[in-house]
Amino acid sequence: MINLSKRLQTIADFVTPGSRICDVGCDHAYLDIRLLQQETIPSALAMDVAPGPLSIAQQNLMLTGLLGRCETRLSDGLAGYKKGEAGTLVIAGMGGRLMASILSADPDKTESFRELILSPQSEPWLVRGCLSLSGIGITDEKCVEEDGKYYCVMKAVPGAPCIRPDWGAVLQRIDEMSDEELSQAGVERGSIRRILSSEPFRAGVEAEYGPCLIKNADPCLKKQLLGALKSRISVYNKLCEQTDPGVAAKTRMQVLRGEIGRMQALAFALCYAI
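These numbers come from a predicted model, not from an experiment.

Side note on the overall build of the protein chain
Along the backbone of the protein chain there are 13 helices and 7 strands. Projecting the C-alpha coordinates of the protein chain onto the three principal axes gives extents of approximately 65 × 45 × 35 Å. Residues counted as buried form 45% of the 274 residues belonging to the protein chain. Expressed as a percentage of contacts within the protein chain between residues at least 6 apart in sequence, the contacts between residues at least 24 apart total 69%. Carbon and sulfur atoms make up 52% of the accessible area of the protein chain, which amounts to about 13,200 Å² in all. In the protein chain, which carries 31 positive and 33 negative side-chain charges, the distance between the mean positions of the two groups comes to 2 Å.

Pasting the structure below:
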């Protein structure tokens, strides 16, 4: 039985049993092999834009005796895919910008899948935005830490509503907190309520950090957010130490203040109110 990385195992866990998958950017087909070995899926279509990785994928499938159950195909994104060939679309191991371009290149193909399992290596907000514009709702998401880096794994369904945090419940929790609790958390009731009541704030953090991850107060997201917040505060403090900061430094400080404020508000919500 082939072993998967933590991220690939999370992707595998999101696949609905019995569904044929189309794995775009399959690399060496480790995910497909594992799902086939576990009998989670009946068959797979493994596609990659590069002949080298696809050749290795074919060798791996041959060595595991699974070549007959997994078709390999040279394809740029979904260009080589025909509607109806699979129920689950898997795309992982590429940047969010490229992933979003693949999803939006042929909407009919993208929306023909029953489910999409997506794990961008960067800029996940671009993927979330693309899904939102296409009417494809994110129904589940997990944050995974692997080799010191953080990855998100999304499950999305065409036509389904996107799962969102219950911000009303968050505000109610704040109202129920004592002044002492809020003081210990380092926030003022009125200020934090105003921030968390703002629809632009909510839409922004949901796009950047993931609505499901926020709703579930994902522990990995908390760790990622607190680490990023600490890093930004460190940069801001160093800029503040400059005796005569230039225009660029002042602009950067202004941007950082906004980012730090949003991150602190979200961190409070995740740690105390969700």
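Description of the sheet that holds strand S3 (residues 70-74)
Spatially, 7 strands are ordered S3-S2-S1-S4-S5-S7-S6 in an open sheet, and the strand pairing comes out mixed. In this open sheet, the two strands that pair with only one neighbour each are S3 and strand S6 (136-146). Across the sheet, the axes of successive neighbouring strands diverge by a mean angle of 15°, strand direction being ignored. Relative to strand S2 (residues 44-48), strand S1 (residues 21-24) runs parallel, the two sharing 4 bridges. Pairing of Asp23 across the sheet is with Ala46, part of S2. Helix H4 (residues 96-105) rests against S1, strand S4 (88-92) and strand S5 (115-119) of the sheet, and its axis sits at about 155° to S4. Here helix H6 (residues 124-133) sits on the sheet and contacts S5, S6 and strand S7 (149-158); the angle it forms with S7, its principal contact strand, is near 5°.

Some points on the nonpolar core
Core analysis: the biggest nonpolar cluster contains 33 residues, and Trp167, Ile174, Leu196, Tyr209, Ile214 and Leu266 have the highest contact counts within it. When contributions to this core are tallied by element, the ones reaching two or more residues are helix H7 (167-176), helix H9 (189-197), helix H10 (199-209), helix H11 (211-215), helix H12 (219-240) and helix H13 (247-273). Not counting chain neighbours up to four residues away, the residues in contact with Leu266 comprise Trp167, Phe201, Val205, Tyr209, Ile214 and Leu225. Listed in part, the 27 residues of the second largest apolar core include Ile2, Leu4, Ala12 and Ile21.

What to know about the environment of Asp106
Of note, Asp106 is situated in the loop between H4 and helix H5 (107-110). Classification of Asp106 by relative accessible area gives partly exposed; the value is 30%. As for Asp106 and Gly77, which are separated by 29 residues in sequence, their C-alpha atoms are 9.8 Å apart.

Focus on the packing of aromatic side chains
One pass over the structure, following the stated rule, counts 3 aromatic pairs. The ring centre of Tyr151 lies 5.1 Å from the NZ or CZ of Arg7, which sits over that ring.

Notes on the packing of helix H1 (residues 6-14) against helix H2 (residues 30-37)
Running from N to C, H1 and H2 point in directions that differ by 50°, and their axes come no closer than 10 Å. The orientation of H1 relative to H2 falls into the category oblique. The element H1 and its partner H2 pack so that their crossing is right-handed. For the pair formed by H1 and H2, the contact residues are Leu8, Gln9, Ile11 and Ala12 on the first element and Tyr30, Leu31, Arg34 and Leu35 on the second. Residue composition of the contact of H1 with H2, by class: 6 nonpolar, 1 polar and 1 charged.

About the criteria used
Residues take numbers from 1 onward in each chain, read along the sequence in its written order. Two thresholds apply to this predicted model, a pLDDT of at least 70 for residue-level local features and 80 or more for giving and counting side-chain atom pairs, whereas whole-chain, interface and lining totals are computed over all residues. Each side-chain value is worked out from all heavy atoms of the structure, with water and hydrogens disregarded. Helical segments are the DSSP runs of H or I of at least four residues, strand segments are the runs of E of at least two, and each set is numbered from the N terminus. Exposed residues in this analysis have more than 50% of their type's maximum accessible area, buried residues have under 20%, and partly exposed residues fall in between, with area computed by a 1.4 Å probe over protein chains only. Residues are treated as being in contact if the distance between any of their heavy atoms lies within 4.5 Å. Calculation of accessible area relied on Shrake-Rupley with a 1.4 Å probe; when residues are assessed, cover is drawn exclusively from the protein chains displayed. Neither His nor the chain ends is counted toward charge; the positive residues are Lys and Arg and the negative residues Asp and Glu. In plain terms, the charge of a residue is placed at NZ if it is Lys, CZ if Arg, CG if Asp and CD if Glu. In this description, strands pair whenever DSSP reports at least two bridges between them. Lines fitted to the C-alpha atoms define the axes, with helices restricted to the stretch that makes contact. Angles between their N-to-C directions range from 0 to 180 degrees. Residue types Ala, Val, Leu, Ile, Met, Phe, Trp, Tyr and Cys, when buried and joined through side-chain atoms within 4.5 Å, form a set referred to as a nonpolar core. Here a Phe, Tyr or Trp ring, Trp counted by its six-membered ring, pairs with any other such ring whose centre lies within 6.5 Å, and the pair is stacked when the planes are under 30 degrees apart, edge-to-face when over 60, and tilted otherwise. By definition here, charges over rings are those cases where NZ of Lys or CZ of Arg is within 6 Å of the ring centre and within 35 degrees of the ring normal. When describing relative orientation, an angle under 35 degrees is termed roughly parallel and one over 145 degrees roughly antiparallel, while 65 to 115 degrees is termed roughly perpendicular and anything else oblique. Handedness of a helix crossing follows the sense of rotation of the near helix relative to the far helix, less than a right angle counterclockwise being left-handed and clockwise being right-handed. Nonpolar residues are Ala, Val, Leu, Ile, Met, Phe, Trp, Tyr, Cys and Pro. Charged residues are Asp, Glu, Lys and Arg, and all others, Gly as well, are polar.

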